[in-house]
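These are the residues of each chain, in order.
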Amino acid sequence: MATQKPQRSPEEIEDIILRKIFFVTLTENPEVTASDRCVVYLEMTAAELLSESKSLRLSRDLMERVLIDRLSGDFPNAEPPFEYLLGCYRRAHEESRKISNMKDRTVRAEMESVTRQAKKLSVSYCKIHLGNPELFNSGNSANTNSNNASSSRSPLLPLIFSEVSSGVIDGFGGSVGGSGVQCPPGFLEEFFRDSDFDSLDPILKGLYEDLRGSVLNVSALGNFQQPLRALLFLVSFPAGAKSLVSHRWWIPKELYMNGRAIEMTSILGPFFHVSALPDQTTFKSLPDVGLQCFAEGSRQRPADLLSSFTTIKTVMNNLYDGLGKVLMSLLKNSETRENVLEYVAEVINKNLSRAHLQVDPLSCASSGMFINLSAVMLQLCEPFLDVNFSKRDKIDPKYVFYGNRLDMRELTALFATSEEVTQWINKNNPVKTDQSSQCSNSEDHLLPSLEATSCGSNASGLALHNLKQLSTSGQKTKYHFICECFFMTARVLNLGLLKAFSDYKHVVQEISRFEDALSTLKAMKGQAPATRLQLEISRLEKEIEQCNQEKFCYEAQIFRDEALLQRALSFYRLMIIWLVELVGGFKMPLPSTCPMEFACMPEHFVEDVLELLIYGARIPKVLDGIPLDDFLNFIIMFMASPNYIKNPYLRAKMVEVLNCWMPRGSGSSAMSTLFEGHQLALEYLVRNLLKLYVDIEFTGSHTQFYDKFNIRHNIAELLEYLWQVPSHRNAWRQIAKEEEKGVYLNFLNFLINDSIYLLDESLNKILELKEIEAEMSNTAEWERRPAQERQERTRLFRSQETIIRIDMKLANEDVSMLAFTSEQITAPFLLPEMVERVASMLNYFLLQLVGPQRKSLILKDPEKYEFHPKELLNQIVRIYVHLARGDEKNVFPIAISSDGRSYNDQLFGAAADVLRRICTDVRVVQDFIELGAKAKAAASEAMDAEAALGDIPDEFLDPIQYTLMKDPVTLPSSSITVDRAVIQRHLLSDNTDPFNRSHLTVDMLIPNHELKARIEEFIRSQRLKRHGDDLNS
């Protein structure tokens, strides 16, 4: 029978456990130290204990003393302090697991207390060592020096990486391998939780600097996820959050700090810099996304491109989620919330010049940073982007003027001038109103932990340098977090997402420009020195390849991320609903006076909405599920309201949005419903489009003459679609009837002006084009010309081709609109001030198309230039016929025949011959011939009447056209008398007195009854005289 082992006392068990944990012994035993070289014999400590008549057993009372002696001593082959302490913690953890199996509860409880104390001491001395590395010296100095040489990073960092890579923090997707160092369970939690902040702060600050350095110049394809997980892990501890925002690099305050410097030096900056977007060479991140994913992207298989797009979108969303969680963790902490808002505000304020057309990459943060910040801010907005935007009452418009956090002084307002803003602010000083009750009494907060408000001091205004002087010192205006978050997000999106749209558009234009240049160079082969030409071709091909890589990077991170764009659309839907509430809600007509709160809002708030809608309409699925009714309401309300939105180009962009939404072909049922079943659209859309068509004539820009054609092109396309919708066509007819001498007459006038200019310009350019074409066809003569001259003439030829194609397309649209509207609306065309202008236009077009010069307009490929002479003639003839059918007073034939420049009765017969050949409706041809006969008869009668009148006194002649006045009126400022129809025709295009340029409107005209009576008497007497002469003869 085996002899039973004697049971150990608790003291013996404690001694054994502590020796295992701390790798020390107080009794010299060569066999132990030989078998485990890490076990240290504390000879001096043992001697001291013997001198004190104490046992050489380890106990909890001796634990700290033994640990200090072990760390302070110089022992061969001993582990460095940090590794040793970490090992102590790990071994204490392992011993505690063994202890849990002890049957004796009393002993188990005592031993558990021992291991807890051992772990606590290990953590405590880890902090002491990391805070004062020189305090403890390791016997293995060579090993220490080696470690220092290999890395100056905190030894905690590999442990944190190990912790976060093992799934402690999830939500990032994918897996990143650890560093090979395993962290003992519970070590980091005990290290960072509930401890003295002063001892932890320097350690944490060092960790943040290490993390910042680990992602510096790392691209979307690099390892940013592990450092980001580590950052989120640290800020989850109160001490970690406090240490981060108190770091001197949280918001660097150096003298010459700019946007780029904040991005590269702040702790969070390099994390926000991680991106797939291109950046300036100095700050280029690696691996190069464009080179790795999109080298020769234009020739890659669609499946390969899609795979790259998906990969980049996934990793960027991981970044957005991680950064969003970091900021949200800090915002939930009342002690750090203000610091987050200050950081975001500083990033915005130091990067205001990103809104400029030309951005200095050395002084401004990268597009990547601002796209990332845009995505994160949209995540922070999600709690108040519910379906009904129930918390929008927390958004205070006065933040724009009085919040001191954002610098919004340089922003252009929707309508108000800077002087008006100043006057209004002086009148409505906000410090008289305590808004804090709005925040403290609110029961509906963003988050339970965000119940407090963020505060600002002083005041800043819009579009003014001196508004800060308007604040009252010592008083603060408080704004709800939702309010601050809303305006910061609007500014970040403007400088980030919307700026990226502009940058992308520039890249696409660059590609188009390079490709055109490349095409020109390839066409010149044989006309220039081959070597030089080939070098230039190679350079352009390299530029195109680089631009294509950048283009694909933008598409991957932004335009393929439907969720990001939809979150932005949701935010901007809140924006327009909130803006509309400033003017009283979605209802028409608008108040006669624009409220100052709306008038002073930054113009880019609206412009950004429209830009996003335009891009969203071009990207599949982005608009799916987005309620567009509110956007349509907003556009209809303000597109024709210059007293609310001053910038005509901004209102014109609203039409561009509608143009993108316009149903085209099948599969557009949702958009058809939007246009055809929307109450506000049915009542106001056509009316406001016609008004904008008129308003856009004068934009105030030096390019207004050319800009108006592009804008009216969009309006014309939309109007043509609406004419096909019965309900909108009925509204159009009603407007023409109500506004016969108002906006509709102005609309017709500008439509006719544009038609004449565009067709005349196109036909003249065709003649110039044919001249160059003839030069180039004479090969022998062409080859003898200098190469530079041939290049210049070739460029001119291609330029003329483009101009003709654009102008002819616009002219076709205008003539088409005149044709389909005149079929049902004729009265405005036949008004005295309009009928002669319409007739002159039609006669001129007829002369060009069937007159003697028509053969000079024959082109080899007319379709290439959008020139369809037969179709154009058909439409012009239909306009003639439509107006003749609606001419109850027979004024149209008279107007046709009175056109002395282009009228020729033979043109009607020539046009009829062409119409028969192209199979035009027989009734149309017959009515046109009859109209020609009436015009011819009217011309004969006019000649007889003119002969009967004889010499007309000058005072009876209109001074502008030198024709006999029928209804003379006096102009109030110049006191000159003119014919009413003539001056009214002038006023349709220009509201000034033609003789002195003073302001003039139709209602200011003064009828000259006395002169009118004299003219009528003169006509009567001349006719009687002529009649008498006829009788006598």
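Residues numbered from 1 in each chain as written. Predicted model: local features only at pLDDT ≥ 70, side-chain atom pairs only at ≥ 80, totals over all residues. Heavy atoms only, no water.

The chain appears in an unreviewed UniProt entry as RING-type E3 ubiquitin transferase from Rubroshorea leprosula. Here is the UniProt Sequence similarities (unreviewed entry) comment for the chain, exactly as written: "Belongs to the ubiquitin conjugation factor E4 family." The UniProt entry for the chain carries this comment under Pathway (unreviewed entry): "Protein modification; protein ubiquitination." (UniProt positions renumbered as here; feature names shortened; annotations may be inferred.)

Draft legend 1. Up close: the packing of aromatic side chains. Using the criterion set out here, one finds 46 aromatic pairs in the structure. The interplanar angle of 85° and the centroid separation of 5.0 Å between the aromatic rings of tyrosine 399 and tyrosine 479 together place this pair among those described as edge-to-face. Of this pair, tyrosine 399 sits in helix α19 (residues 399-402) while tyrosine 479 sits in strand β4 (residues 476-479), and the two are 80 residues apart along the sequence. Tyrosine 479 sits in the buried class, given a relative accessible area of 3%. (Phe/Tyr/Trp six-rings, centres within 6.5 Å; stacked < 30°, edge-to-face > 60°. Helix = DSSP H or I, 4+ residues; strand = E, 2+ residues; numbered from the N terminus. Buried < 20%, exposed > 50% of the residue type's maximum accessible area, 1.4 Å probe, protein only.)

Draft legend 2. Focus on a positive patch on the surface. A surface patch of like charges, here positive, comprises Arg854, Lys855, Lys870 and Arg917. Among the secondary structure elements, arginine 854 is positioned in the loop between α37 (832-850) and α38 (869-885). On the basis of relative accessibility, which here comes to 40%, the residue arginine 854 falls in the partly exposed class. (Patch = residues over 30% accessible without salt bridge, like charges linked within 9 Å, V, L, I, M, F, W, Y side chains within 5 Å. Areas by Shrake-Rupley, 256 points an atom, 1.4 Å probe, with all protein chains shown as cover. Salt bridge = Lys/Arg side-chain N within 4 Å of Asp/Glu carboxyl O. Lys, Arg positive; Asp, Glu negative; His and termini not counted. Charge placed at Lys NZ, Arg CZ, Asp CG, Glu CD.)

Draft legend 3. Representation of unusual backbone geometry within the structure. Here the amide bond leading from leucine 286 into proline 287 is cis, since omega sits at -5°, within 30 degrees of zero. Here proline 287 lies in the loop between α14 (269-273) and α15 (289-294). Residues methionine 588 and proline 589 are joined by a peptide bond in cis, for which omega reads -5°. Positive phi, close to 60°, is recorded for glutamate 866, a residue that is not glycine. Relative to the helices and strands, glutamate 866 resides in the loop between α37 and α38.

Draft legend 4. Highlighting helix α3 (residues 43-51). What α3 keeps buried is the set Thr45, Ala46 and Leu49. Within α3, the buried residues cover an arc of 100° as seen down the axis, which keeps them to one side. What points out from α3, more than 90 degrees from its buried face, is the exposed set Glu43, Met44, Leu50 and Ser51. Taken together, the buried residues of α3 touch β2 (40-41) and α4 (63-72). Positive phi shows up at serine 53, right after α3, with a value of about 60°. (Arc of directions from axis to C-beta. Contact = heavy atoms within 4.5 Å.)

Draft legend 5. A look at the packing of helix α8 (residues 156-165) against helix α10 (residues 197-215). Look at α8 against α10: their axes get within 10 Å of each other, and the N-to-C directions meet at 70°. With respect to α10, the element α8 is oriented roughly perpendicular. The hand of the α8/α10 crossing is right-handed. Two secondary-structure elements touch here, α8 through Leu156, Leu157, Ile160 and Phe161 and α10 through Ile203, Leu207, Asp210 and Leu211. In terms of residue class, the contact of α8 with α10 is built from seven nonpolar, no polar and one charged. (Axes fitted to C-alpha atoms, helices over the stretch in contact; angles between N-to-C directions. Parallel < 35°, antiparallel > 145°, perpendicular 65-115°, else oblique. Left-handed = near helix turned anticlockwise from the far one by under 90°. Nonpolar A, V, L, I, M, F, W, Y, C, P; charged D, E, K, R; others polar.)

Draft legend 6. Geometry of the packing of helix α28 (residues 629-638) against helix α31 (residues 679-695). Contact geometry of α28 with α31 gives a least axis separation of 9 Å together with a crossing angle of 40°. With respect to α31, the element α28 is oriented oblique. Considering how the two elements wind past one another, α28 and α31 form a crossing that is left-handed. Of α31, the residues touching α28 (which contributes Leu632, Asn633, Ile636 and Met637) are Leu680, Ala681, Tyr684, Leu685 and Asn688. Partitioned by chemical class, the residues of the contact of α28 with α31 number seven nonpolar, two polar and no charged.

Draft legend 7. Main features of the UniProt feature "coiled-coil region" (unreviewed entry) in the chain. Mapped onto the present numbering, the UniProt feature "coiled-coil region" (unreviewed entry) falls at residues 530-557. Summarising residues 530-557: 100% helix, 0% strand, and an end-to-end C-alpha distance of 41 Å.

Draft legend 8. Representation of the pattern of salt bridges in the model. Taken as a whole, this structure holds 51 salt bridges when the rule is applied. Measuring nitrogen to oxygen at the nearest pair gives 3.6 Å for the salt bridge that ties lysine 313 to glutamate 562. Residue lysine 313 is found in helix α16 (residues 302-332), and its partner glutamate 562 is found in helix α25 (residues 562-581); the two are separated by 249 residues along the sequence. You can call lysine 313 partly exposed: its relative accessible area is 26%. Note that arginine 651 is salt-bridged to aspartate 695, the shortest N-O span being 3.9 Å. Taken together, the residues span a long stretch of sequence, with arginine 651 in helix α29 (residues 648-661) and aspartate 695 in helix α31 at a distance of 44 residues. Three or more residues are tied together by salt bridges with common partners; here these are Glu48, Glu52, Lys54 and Arg65.

Draft legend 9. Fine view of the nonpolar core. Membership of the largest hydrophobic core comes to 318 residues, with the highest contact counts inside it found for Leu156, Phe187, Phe192, Phe638, Trp661, Trp732 and Phe747. For this core, the leading source of residues is helix α34 (residues 743-777), giving 15 residues. Setting aside chain neighbours within four positions, we find phenylalanine 192 in contact with Leu156, Ile160, Leu200, Leu204, Leu207, Phe233, Leu234, Phe237 and Ala239. If you look at the next biggest cluster of nonpolar residues, it comprises eight residues, including Leu949, Leu964, Met965 and Leu1011. (Core = buried A, V, L, I, M, F, W, Y, C linked by side-chain atoms within 4.5 Å.)

Draft legend 10. Region of interest: the environment of isoleucine 929. Within the fold, isoleucine 929 resides in helix α41 (residues 922-949). Residue classification places isoleucine 929 among the partly exposed positions, given a relative accessible area of 31%. C-alpha separation for the pair isoleucine 929 and glycine 909, spaced 20 residues apart in sequence, amounts to 7.0 Å. Apart from the residues lying within four places of it in its own chain, the contact partners of isoleucine 929 are Ala912 and Arg916.

Draft legend 11. Broad picture of the state of the cysteines. Taken as a whole, this structure holds zero disulfides when the rule is applied. For cysteine 183, which is in no disulfide, the shortest distance to another cysteine sulfur is to cysteine 126 and amounts to 10.0 Å. (Disulfide = S-S within 2.5 Å.)

Draft legend 12. Structural context of the sheet that holds strand β7 (residues 1006-1007). Taken in spatial order, the three strands line up as β6-β5-β7 in an open sheet, and their pairing is antiparallel. Across the chains shown, the open sheet's two edge strands, defined by having one partner strand only, are β6 (977-979) and β7. Across three bridges, the pairing between strand β5 (residues 968-970) and β6 is antiparallel. Bridge pairing links threonine 970 to threonine 977 in β6. Each of β5, β6 and β7 is contacted by helix α42 (residues 980-987), which is oriented at about 85° to β6, the strand it contacts most. (Pairing = 2+ DSSP bridges.)

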